[in-house]
Amino acid sequence: DHNMLLGGCHIGHDATVGSHVVFTNGAMAAGPTWIGDHALLGAMTGIHQFARLGELHIVGAGAMVSNDAPPNSIVQGDRALQFGVHLIGLHRNDYTREQKAIIRRVFRLLFWRSGTIHSKLEMVRGSPFARSPACQQILDFVAASERGICTPRGVRVQEPSDFSDLKVSES
């Protein structure tokens, strides 16, 4: 409902698109993908099969999104990276100052700290922020990710320290 599809955009088979979503010129979503309400896809963006975009999400022009992008975030670039919280979208959708602060804090705790995503999810679930519906939405989205979450800009992917998860063939 109330979506805007500009020239040359494409929505693939079995794609789920929420309400109030904007596909600008040349934006493409492969099928099957999932795009939440109030998402904005910039010009010439590509969404990989099975990727999910959370609610109130913005994809910068020319981005290629191959992993899940959490609600309320901004992603940009080839193999899109998270650039932060979509504060303008939160403001336009009448989020309170307190809700915006909670979302920003949850993003810092989940994405801009070291550690595994599972340990960070548990840490946030045990925090006072977990009572907020906006926080719960982010936690549920991240926990349900099968493709992985877009890496935050400036954060290096850490290699496993003990290699215990690698299988060695006996040949």
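Relevant structure appears above.
Described in the following lines is the structure provided in the data block. Just so it is clear, the structure is predicted and the values come from calculations on it, not from any experiment. (Residues numbered from 1 in each chain as written. Predicted model: local features only at pLDDT ≥ 70, side-chain atom pairs only at ≥ 80, totals over all residues. Heavy atoms only, no water.)

### Some details on the overall build of the protein
Counting its regular elements, the protein contains four helices and 13 strands. In summary, the protein has a C-alpha radius of gyration of 17 Å against a globular reference of 16 Å for 171 residues, a match within 12%. Once the C-alpha set of the protein is aligned to its principal axes, its extents read approximately 50 × 50 × 25 Å. Counting the 171 residues in the protein, one finds 41% classified as buried. Counting only contacts in the protein whose residues sit at least 6 apart along the sequence, the fraction spanning at least 24 positions is 26%. With an accessible surface of roughly 9800 Å², the protein has 53% of that area assigned to carbon and sulfur atoms. Taking the average place of the 16 positive charges on the side chains of the protein and the average place of its 15 negative ones, the gap between the two points comes to 11 Å. (Helix = DSSP H or I, 4+ residues; strand = E, 2+ residues; numbered from the N terminus. Rg over C-alpha atoms; globule rule 2.2 N^0.38 Å. Buried < 20%, exposed > 50% of the residue type's maximum accessible area, 1.4 Å probe, protein only. Contact = heavy atoms within 4.5 Å. Areas by Shrake-Rupley, 256 points an atom, 1.4 Å probe, with all protein chains shown as cover. Lys, Arg positive; Asp, Glu negative; His and termini not counted. Charge placed at Lys NZ, Arg CZ, Asp CG, Glu CD.)

### Description of the environment of Gly89
Mapped onto the elements of the fold, Gly89 is located in helix α1 (residues 87-92). On the accessibility criterion, Gly89 (4% relative accessible area) is buried. For Gly89 and His57, which are 32 residues apart along the polypeptide, the C-alpha to C-alpha distance reads 7.9 Å.

### A closer look at the packing of helix α3 (residues 117-125) against helix α4 (residues 133-143)
For the pair α3 and α4, the least separation of the axes is 11 Å and the interaxial angle reads 155°. By the angle class used here, α3 and α4 are roughly antiparallel. Handedness of the α3/α4 crossing: left-handed. Note on element contacts: α4 touches α3 through Cys135, Leu139, Val142 and Ala143, opposite Ile117, Leu121, Val124 and Arg125. (Axes fitted to C-alpha atoms, helices over the stretch in contact; angles between N-to-C directions. Parallel < 35°, antiparallel > 145°, perpendicular 65-115°, else oblique. Left-handed = near helix turned anticlockwise from the far one by under 90°.)

### Here we look at the sheet that holds strand β3 (residues 16-17)
Spatial ordering of the open sheet is given by β3-β6-β9, a layout of three strands whose pairing is parallel. Whereas interior strands pair on both sides, the edge strands pair on one side only; in this sheet they are β3 and β9 (52-53). Taken together, the two bridges between strand β6 (residues 34-35) and β9 define a ladder with parallel strand orientation. Paired with Trp34 across the strands is Arg52, a residue of β9. (Pairing = 2+ DSSP bridges.)

### Some remarks on the packing of aromatic side chains
To describe a pair of aromatic rings, one takes the distance between the centres and the angle between the planes. Scanning all chains against the criterion turns up three aromatic pairs. On the numbers, 6.4 Å between centres and 40° between planes, the contact of Trp34 with Phe141 is tilted. Of this pair, Trp34 sits in strand β6 while Phe141 is found in helix α4, placing the two residues 107 residues apart along the sequence. Here Trp34 falls in the partly exposed class, since its relative accessible area comes to 33%. The exposure class of Phe141 is buried, given its relative accessible area of 7%. One aromatic cluster is present, built from ring pairs that chain together Phe107, Phe111 and Trp112. Against the face of Phe141 rests Arg52, its NZ or CZ located 3.9 Å from the ring centre. (Phe/Tyr/Trp six-rings, centres within 6.5 Å; stacked < 30°, edge-to-face > 60°. Lys NZ or Arg CZ within 6 Å of the ring centre and 35° of its normal.)

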